[in-house]
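So the chains spell out like this:
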Amino acid sequence: MALADEFDVIVLGCGAMGAAACHHVARRGARVLGIERFQLGHGNGSSHGHSRVIRQAYFEHPDYVPLLRRTYALFEALERESGERLFLRCGALFGGRADSEVVSGSRVASERHGVPHEILDADGVRRRFPQFRLPDDYVALFEPDAGCVRPEATTLAHARLARAAGGTILEETRVLAWHEDHRGVQVATDRGTFRAAQLIVTAGAWTPSILANLGISLRVTRQPLLWLDQRDSATRHRHALAELPVWLIDRHDGTSIYGIPFDPVLTGPKGMKVAIHGGGIEVDPETVDRDATESEIGAARDATRAVLPESAGHVLASAICLYTYSPDSNFIVDRMPGYRRVTIACGFSGHGFKFAPVLGEALADLAIDGGTDAAIEFLGVERFRTSAARGGDRLTN
């Protein structure tokens, strides 16, 4: 494809956020080009794994809740428009000591924003969900409207609808360089050079190389995922594990263990998906080992058995997910510092996928209108400058 000034917006990276941005730009009648290094729906980054948790009792920061309400509505709209089943509401249980980040943060977000929830002590958890064996000093918050969504299917639905609305998405296309000038932005790839009025960068774990002058440290880690056979325990116990909600239990060491029970439509391999959230080895996405080791498999299985004693049969499948951490583990969604025509979304820190519909909408707003009504002020880059001015660490790549 030859050089052409034919696009209003170019989107670099068409995983969860990029595909959603392409959809929202295209549906507004703007000419959009999405550029994806791999095939759409690939498993090399952060937008795969068959199922992802979606919730509004948001312990990471209560300011995410308005965005979550909008993303719930947009998931429902995406299901209608695409004809795909993408969202399973099975409830979610968040456990730990009462003062843990998981429990106390979930409670603060729920109470501040009126998110329906229930607090259970350890006995209450055992009565409601007899499969669990939490320590006596643990409590849990149950959110009935939480559940899980399908990452690959969501990304593909956004991309398909973007194309149907006139958008162009190039797969298996490598970005070589980009720059902004007085006329717009120019992106060089191994399939040609393209121009547009605006650029959106949603490159996931490859953001540090695409945005080498961002000035904010982004750390990429490797996170193993497992699917454990549930059939044996389901026959031994009158409460099948498939009847469980999504669950996440604070381990009080900076990590949590979470699980997503099997659903024949939504969750992929025929078992419960489990993973340790947090920690992880820092890696380069170009050279990362994409096979889970025996020690990683054993650690996740042992952590699962600690809270669900009858839970873990043999391992049906495993995969590697990449987390891209910002310095404060909150997202970065803003204009690129020092540029007039570049919008960025990165640093999703292992909890971003559920926001893809609403952030795709916000990115389209920023690129086309120069601003958005979405409540993303707390995700701006200015917070890092403020931190540095207060004597915090210098935040540079």
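Residues numbered from 1 in each chain as written. Predicted model: local features only at pLDDT ≥ 70, side-chain atom pairs only at ≥ 80, totals over all residues. Heavy atoms only, no water.

*Asks:* Can you help me understand the side chain of Glu36 in this one?
*Replies:* When you line up the elements, Glu36 lands in the loop between β2 (32-35) and β3 (52-54). Buried within the structure, Glu36 lacks any salt-bridge partner; its nearest side chain of opposite charge belongs to Arg37, at an N-O separation of 7.3 Å. A polar contact is formed between the side chain of Glu36 and the backbone nitrogen of Cys14, at a distance of 2.8 Å. Discounting chain neighbours no more than four positions away, the residues touching Glu36 are Gly13, Cys14, Gly15, His42, Leu170, Glu171, Glu172 and Thr173. (Helix = DSSP H or I, 4+ residues; strand = E, 2+ residues; numbered from the N terminus. Buried < 20%, exposed > 50% of the residue type's maximum accessible area, 1.4 Å probe, protein only. Lys, Arg positive; Asp, Glu negative; His and termini not counted. Salt bridge = Lys/Arg side-chain N within 4 Å of Asp/Glu carboxyl O. Polar contact = N/O pair within 3.5 Å; in protein donor to acceptor, adjacent residues only side chain to side chain. Contact = heavy atoms within 4.5 Å.)

*Asks:* What is the right way to look at helix α3 (residues 101-113) in this model?
*Replies:* Note: α-helices contain 3.6 residues per turn, so residues at a spacing of three or four share the same orientation. Helix length check: α3 (13 residues) gives 17 Å between terminal C-alpha atoms against 18 Å at 1.5 Å per residue, within 8%. Of all the residues in α3, the buried ones are Val102, Val103, Gly105, Ser106, Ala109, Ser110 and His113. Check the buried side of α3 and you find it contacts α2 (65-82), β5 (92-97), β7 (138-143), β14 (246-250) and β15 (256-260). Residue Gly114 follows α3 closely and has a positive phi angle near 70°. (Expected span 1.5 Å × (residues − 1).)

*Asks:* What is the right way to read the environment of Ile368 from this model?
*Replies:* On the secondary structure map, Ile368 appears in helix α9 (residues 356-369). Residues Ile368 and Arg28, spaced 340 residues apart in sequence, show a C-alpha to C-alpha distance of 9.2 Å. Residue contacts for Ile368: discarding those within four places in its chain leaves Val9, Val25, Arg28 and Ala30.

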